[in-house]
Amino acid sequence: MNLFENYSLSTVEMIRNDGYEVEVHNVITADGYILELHRIPKSKGGKAPSRNHPVFIHHGILGTSADWVLAGAAMSLPMQLADAGYDVWLANCRGNTYSRKHISMTYKQKAFWNFSLHEVGKYDLPSSIDYILSMTNSSQLHYIGYSMGSCVFFIMASERPEYQPKIRSQISLAPVAFLSNTRSSLRFMAPYAKMLNVVYQRMWKGMFMPQSNMQKFLASTICRERITQRMICEKCIIFSVCGSDPYHFDTKLIPLIMGHFPAGTSANLAAHFAQFILKDTFGQYDWGRSMNMRHYNSTEPPTYDLKSIRVPITLIYGENDILADTIDVMKLKAQLPMVVDAFPAKSPYFNHVDFLWSSKVNEHVNEPVKEILQKTDDLGWTYTGPAANATAVDAVVPVVSQQPFQVLQLNPLSGAILAPSLEFFAENLDAIIASTMPLPVDERDVAVFEMEREQQRLLFGGVIRFAQAAEKKYGQLREGITNEISGWADDVATGAESRVKQTAVLVNGKIAFAGHSVAGAVGKAGHSVAGAVGKAEHFVVGGVGKAEQTVVVGMGKAQNYVSYGLNKADRAVNGALNATVGRVGRVLWFWK
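Bear in mind that the values here come from a model prediction, so they are computed numbers and not experimental data.

Participant: Would you mind going over the overall build of the protein with me for this structure?
Facilitator: In terms of regular secondary structure, the protein is built from 18 helices and 11 strands. Scored against the burial criterion, the 592 residues of the protein give a buried share of 47%. Counting only contacts in the protein whose residues sit at least 6 apart along the sequence, the fraction spanning at least 24 positions is 79%. Split by element, the accessible area of the protein, about 28,700 Å² in all, is 57% carbon and sulfur.

Structure (structure tokens):
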């Protein structure tokens, strides 16, 4: 039971293990969700905050506050900010491991998961900001958002403009708003997001990728071994989505990452991100044309007004971030009126997860962030950047990629299918791998990247072949089970039909016997008419009475026979079905 103990520590436990005080605060949103905030109120040495404004830090999609501290104090931005004199607060948005409570619902109810990015920005952030300002007796705070954390900030600032004056400065790490140029493998799944969302709604009530004991088990076993760690946990799970950094990613953190990530969200929220990939807009959740009319009085969802955001914002992005592509970041920058600065991390290999877990995170992220905060935290500081207006997005000059290869544009498969088939991935494997590879910078990259590309080709090719073999085997098992069920059903139906026929013969015999008795009684009654009418009437009445009694008895017995036959048939059918379910269960158990 202690196999993965070290990989299942909570955020609070990890912060305390590094020698810092930590507090847990619960915030109730306007729509009833209970969010858990984690606060680092003092430095490691126990010094109280000396800075003018608190810092609020928000995680990315499927993440938690644990993402910021699992690498330890030497790499943790929140802990380093606490040591620098800031009052640090870590967010946990609705639906993740730490925020799965509601004032009137449980997370097992479908209604609990009926939210997207819109609700996180409109309700979670305002409630958390008000709480932090109240607890710290401040009028403003600094906001740092990573990936989704930046996205929901833009939503809040657009939808709740009254909160803009409460933000001293905002820093977006790996900023996300537009995603139409993403090179992540997620773009191959985006066209099927709505159909997959339907599946998640029906099977898991809308819950998407929650934290599980299985991932902690994998973290402490497969992801601990060096070969499987790099080939499976790193390539399959992390870099196919976020990009590959062969030089700076700290692979020692993989078991810890897998022990805390993913931490769960709603299927609607994931579909909202897929919407950004498919549409070249940053807009509210698309419910479908008819439902959009009910929600927005329009067939298309409204876009968020980025040009209305009057908050000093700094954008820090990665040049090798295949999820938040540089072109999309520049498109975002052009729409924001008050950009203090926008610059890439120093390493040209910097990808999406390097903002948290690069071995160079202090040099490339933490130190620049501390410099920005030191400047903007001064009470005399004011925004002195370009005029508070934004460039039309059409005027943005696209960043020319130095990619040495052409990324293929793969069209979605035709037909109403849930997701791309294995054949689709097998046929397009080289193009998919090429799109997720880092951009070469110098000569040394050629050999390193080619080796990495070949590793991915072998790995994913093997996974696809294994999945195809498993699918074929499953098909054979399913066909065999289906044939067996059909045979059992035919046998049961034949037996039931035979019993019904036997019962019908018995009923017909009883009815014929009853009719014969009536005819005999009537005949005897007619023969006696010449002797005595009274006696004849007596015989007729008696005969008819007996005949009626015989018919009633015969029909009663026939009904009993029918009921007995049908009940026995029902028991036989139920027995066959129970046996079938039991065998199917054993087959599936064996297969798993």
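Participant: Is there a simple way to explain the packing of aromatic side chains in this structure?
Facilitator: Note on aromatic pairs: each is described by the distance of the centres and the angle between the planes. Across all of its chains, the model carries 17 aromatic pairs by this definition. Look at Phe350 and Phe355: their rings are 4.9 Å apart centre to centre, the planes differ by 85 degrees, and that puts the pair in the edge-to-face class. Over the ring of Phe115 we find Arg94; its NZ or CZ atom is 5.7 Å from the centre of that ring.

Participant: Whenever I open this one, the packing of helix α6 (residues 193-204) against helix α10 (residues 267-278) confuses me. Can you help?
Facilitator: To describe two helices that pack against each other, one gives the angle between their axes and the distance between the axes. The N-to-C vectors of α6 and α10 enclose an angle of 180 degrees; their axes lie 9 Å apart at closest approach. Between α6 and α10, the angle falls in the class roughly antiparallel. Contacts between α6 and α10 involve Ala193, Asn197, Tyr200 and Gln201 from the first element and Ala267, Asn268, Ala271 and Ala274 from the second. Within the contact of α6 with α10, the residues separate by chemical class into five nonpolar, three polar and no charged.

Participant: Is there a simple way to explain the environment of Ala91 in this structure?
Facilitator: You can see Ala91 is positioned in the loop between β4 (88-90) and β5 (101-102). Ala91 gets classed as buried once you look at its relative accessible area, which sits at 4%. Expressed as a C-alpha distance, the spacing of Ala91 and Glu36, which sit 55 residues apart in the sequence, is 7.2 Å. Apart from the residues lying within four places of it in its own chain, the contact partners of Ala91 are Glu36, Leu37, Phe56, Ile57, His58, His59 and Ser65.

Participant: It is not clear to me how the environment of Asp328 should be interpreted in this structure. Could you clarify?
Facilitator: Mapping Asp328 onto the fold places it in helix α12 (residues 326-335). On the accessibility criterion, Asp328 (2% relative accessible area) is buried. Each C-alpha atom, one on Asp328 and one on Ala177, is 7.7 Å from the other, the two residues being 151 residues apart in sequence. Not counting residues up to four positions away in its chain, the partners in contact with Asp328 are Phe178, Leu179, Ser180, Asn181 and Thr182.

Participant: Which parts of the structure should I look at to understand the pairing of strand β1 (residues 23-28)?
Facilitator: Note that β1 and strand β2 (residues 33-40) share six bridges and pair antiparallel. If you follow Asn26 over to β2, its bridge partner there is Glu36.

Participant: What is the right way to look at α6 in this model?
Facilitator: An ideal rise of 1.5 Å per residue puts 16 Å on 12 residues; α6 measures up with 15 Å between its terminal C-alpha atoms. Its buried side turned inward, α6 meets α5 (186-189) and α10. Of the residues one or two after α6, Lys205 is the one with positive phi, at around 60 degrees.

Participant: How should unusual backbone geometry be read in this particular structure?
Facilitator: In most cases, non-glycine residues show a negative phi, while peptide bonds are predominantly trans. The backbone of Asn137 sits at a positive phi, close to 55 degrees, despite the residue not being glycine. Note on placement: Asn137 falls in the loop between α3 (117-136) and β6 (141-146). Residue Asn137 is classed as exposed on the basis of its relative accessible area, which comes to 73%.

Participant: So what exactly am I meant to see when it comes to the environment of Met148 here?
Facilitator: With respect to the secondary-structure elements, Met148 resides in helix α4 (residues 148-159). In this structure Met148 comes out as buried when scored by relative accessible area, which is 1%. With 26 residues separating them in the primary sequence, Met148 and Ala174 have C-alpha atoms 8.8 Å apart. If we ignore the near neighbours within four places in the chain, the residues touching Met148 are His58, His59, Gly60, Ile61, Cys93, Leu117, Leu269 and Phe273.

Participant: How should I be thinking about the nonpolar core in this particular structure?
Facilitator: Among soluble globular proteins, nonpolar side chains are generally buried collectively. Formed by 57 residues in total, the largest nonpolar core has its most connected members in Phe56, Leu117, Phe153, Phe154, Phe273, Phe282 and Leu336. Per-element tally for this core: the top contributor is α4, with eight residues. Ranked by size, the runner-up nonpolar core spans 46 residues in total, among them Val22, Ile57, Phe355 and Val369.

Participant: What is the right way to look at the side chain of Asp321 in this model?
Facilitator: Within the secondary structure, Asp321 is located in the loop between β10 (313-317) and α12. We note that Asp321 is buried and unpaired, the nearest opposite charge coming from Arg183 at a distance of 7.9 Å. Of the polar contacts made by the side chain of Asp321, one reaches the backbone nitrogen of Leu323; its length is 3.0 Å.

Participant: I'm lost on the packing of α3 against α4 in this one. Help?
Facilitator: Closest axis-to-axis distance for the α3/α4 pair is 8 Å, and the angle between their directions is 80 degrees. Looking at the two axes, α3 sits roughly perpendicular to α4. Contacts between α3 and α4 pair Leu117, His118, Val120, Gly121, Leu125, Pro126 and Ile129 from the former with Met148, Cys151, Val152, Phe153, Ile155, Met156 and Glu159 from the latter. Tallied by class, residues from the contact of α3 with α4 come to 11 nonpolar, two polar and one charged.

Participant: Sorry if this is basic, but what is going on with the pattern of salt bridges here?
Facilitator: Close approach of charged atoms allows side chains with opposite charge to pair. Tallied over the entire structure, the rule returns 13 salt bridges. Here Asp286 and Lys279 are joined by a salt bridge, their closest N and O atoms 2.7 Å apart. A salt bridge links Glu367 to Lys370; the shortest N-O distance between them is 3.1 Å. Here Lys370 and Glu367 lie together in helix α14 (residues 361-376), a separation of three residues that amounts to about one turn.

Participant: Whenever I open this one, the pairing of strand β3 (residues 55-58) confuses me. Can you help?
Facilitator: Here β3 shows a buried face lined by Val55 and Ile57 and a second buried face lined by Phe56 and His58. In this sheet, β4 lies alongside β3 in parallel orientation, the contact comprising three bridges. When the bridges of β4 are listed, Val55 appears paired with Val88. A crossover links β3 with its parallel partner β4, the connecting element being helix α2 (residues 77-83), and its sense is right-handed.

The rules behind these values
- Residues numbered from 1 in each chain as written.
- Predicted model: local features only at pLDDT ≥ 70, side-chain atom pairs only at ≥ 80, totals over all residues.
- Heavy atoms only, no water.
- Helix = DSSP H or I, 4+ residues; strand = E, 2+ residues; numbered from the N terminus.
- Buried < 20%, exposed > 50% of the residue type's maximum accessible area, 1.4 Å probe, protein only.
- Contact = heavy atoms within 4.5 Å.
- Areas by Shrake-Rupley, 256 points an atom, 1.4 Å probe, with all protein chains shown as cover.
- Phe/Tyr/Trp six-rings, centres within 6.5 Å; stacked < 30°, edge-to-face > 60°.
- Lys NZ or Arg CZ within 6 Å of the ring centre and 35° of its normal.
- Axes fitted to C-alpha atoms, helices over the stretch in contact; angles between N-to-C directions.
- Parallel < 35°, antiparallel > 145°, perpendicular 65-115°, else oblique.
- Nonpolar A, V, L, I, M, F, W, Y, C, P; charged D, E, K, R; others polar.
- Pairing = 2+ DSSP bridges.
- Expected span 1.5 Å × (residues − 1).
- Core = buried A, V, L, I, M, F, W, Y, C linked by side-chain atoms within 4.5 Å.
- Lys, Arg positive; Asp, Glu negative; His and termini not counted.
- Salt bridge = Lys/Arg side-chain N within 4 Å of Asp/Glu carboxyl O.
- Polar contact = N/O pair within 3.5 Å; in protein donor to acceptor, adjacent residues only side chain to side chain.
- Right-handed = clockwise from strand over helix to strand, strands pointing away.

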